[in-house]
Amino acid sequence: MIEQLQGFPENTVAFACHGRLTRADYEKVLIPAVDEAFSRHRKLRLYYEIDGDLEHVEAGAMWSDFKTGLEHWLGWERIAVVTDIAWIGNTISAFTFLMPGEVRLFSVAERDEAKKWITAALAA
């Protein structure tokens, strides 16, 4: 399940993933929120929290995630991924160099630090 999180600046889309992650979650929650935010902003920030209770990710969900990221490739200014799931962290770390924006990986214990970083002003 994907849940959109509130309390972030308008230029930041924020989500938390729990339990089973399906393609329908992306199509009903994440993609519409991202598309709507990009209709208002040229650059966005993404806060993505993946809890340890994530038990299954459908292949279709991974494809939807990848496709959404590619469609807005140059629009991502910053991405904060919060997780303690090793394979997700390793995957993010392996592909960070390909991302046009700044990407940081945080542990669940660093959740508050991740929120501060994703909302902080960029250095001039």
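Residues numbered from 1 in each chain as written. Predicted model: local features only at pLDDT ≥ 70, side-chain atom pairs only at ≥ 80, totals over all residues. Heavy atoms only, no water.

## Considerations on the nonpolar core
Right, so step 1: Val13, Phe15, Tyr48, Ile50 and Trp76 are the most contacted members of the largest nonpolar core, which totals 22 residues.
Right, so step 2: Where this core is concerned, the elements lending two or more residues are β2 (12–17), α1 (23–40), β4 (44–50) and β6 (76–83).
Right, so step 3: For this core, the element with the most residues is α1, which contributes six residues.
Right, so step 4: Membership of the second largest hydrophobic core comes to eleven residues, among which are Phe8, Ala14, Ala80 and Phe106. (Core = buried A, V, L, I, M, F, W, Y, C linked by side-chain atoms within 4.5 Å. Buried < 20%, exposed > 50% of the residue type's maximum accessible area, 1.4 Å probe, protein only. Helix = DSSP H or I, 4+ residues; strand = E, 2+ residues; numbered from the N terminus.)

## Quick notes on the pattern of salt bridges
Right, so step 1: Scanning all chains against the criterion turns up seven salt bridges.
Right, so step 2: Between Glu77 and Arg45 there is a salt bridge, and its shortest N-O distance comes to 2.8 Å. Of this pair, Glu77 sits in strand β6 while Arg45 is found in strand β4, placing the two residues 32 residues apart along the sequence.
Right, so step 3: Bridged by salt links that share partners, the residues Glu10, Glu36 and Arg40 form one connected network. (Salt bridge = Lys/Arg side-chain N within 4 Å of Asp/Glu carboxyl O.)

## Topic: the confidence of the model for the chain
Right, so step 1: On average, residues of the chain score 84 in pLDDT, and 83% of them are at 70 or above.
Right, so step 2: Element-level pLDDT for the chain is lowest in helix α2 (residues 59–71), with a mean of 55, against a maximum mean of 97 in helix α4 (residues 111–119). (pLDDT = per-residue confidence, 0-100.)

## A word on the pairing of β6
Right, so step 1: Counting buried positions over the eight residues of β6 gives seven, a clear majority of the element.
Right, so step 2: Sheet topology note: the β4/β6 ladder contains seven bridges and is parallel. Bridge pairing links Arg45 to Arg78 in β6.
Right, so step 3: Bridge count for β6 against strand β7 (residues 102–106) is five bridges, and the pairing is parallel. Bridge assignment links Arg78 to a residue of β7, and that residue is Glu102.
Right, so step 4: After leaving β6, the chain enters helix α3 (residues 86–95) and then returns to the sheet as β7, a path that is right-handed. (Pairing = 2+ DSSP bridges. Right-handed = clockwise from strand over helix to strand, strands pointing away.)

## Let's talk about the side chain of Thr12
Right, so step 1: Of note, Thr12 is situated in strand β2.
Right, so step 2: Overall, the relative accessible area of 8% leaves Thr12 in the buried class.
Right, so step 3: Side chain to side chain, Thr12 and Asn11 meet in a polar contact 3.3 Å long. (Polar contact = N/O pair within 3.5 Å; in protein donor to acceptor, adjacent residues only side chain to side chain.)

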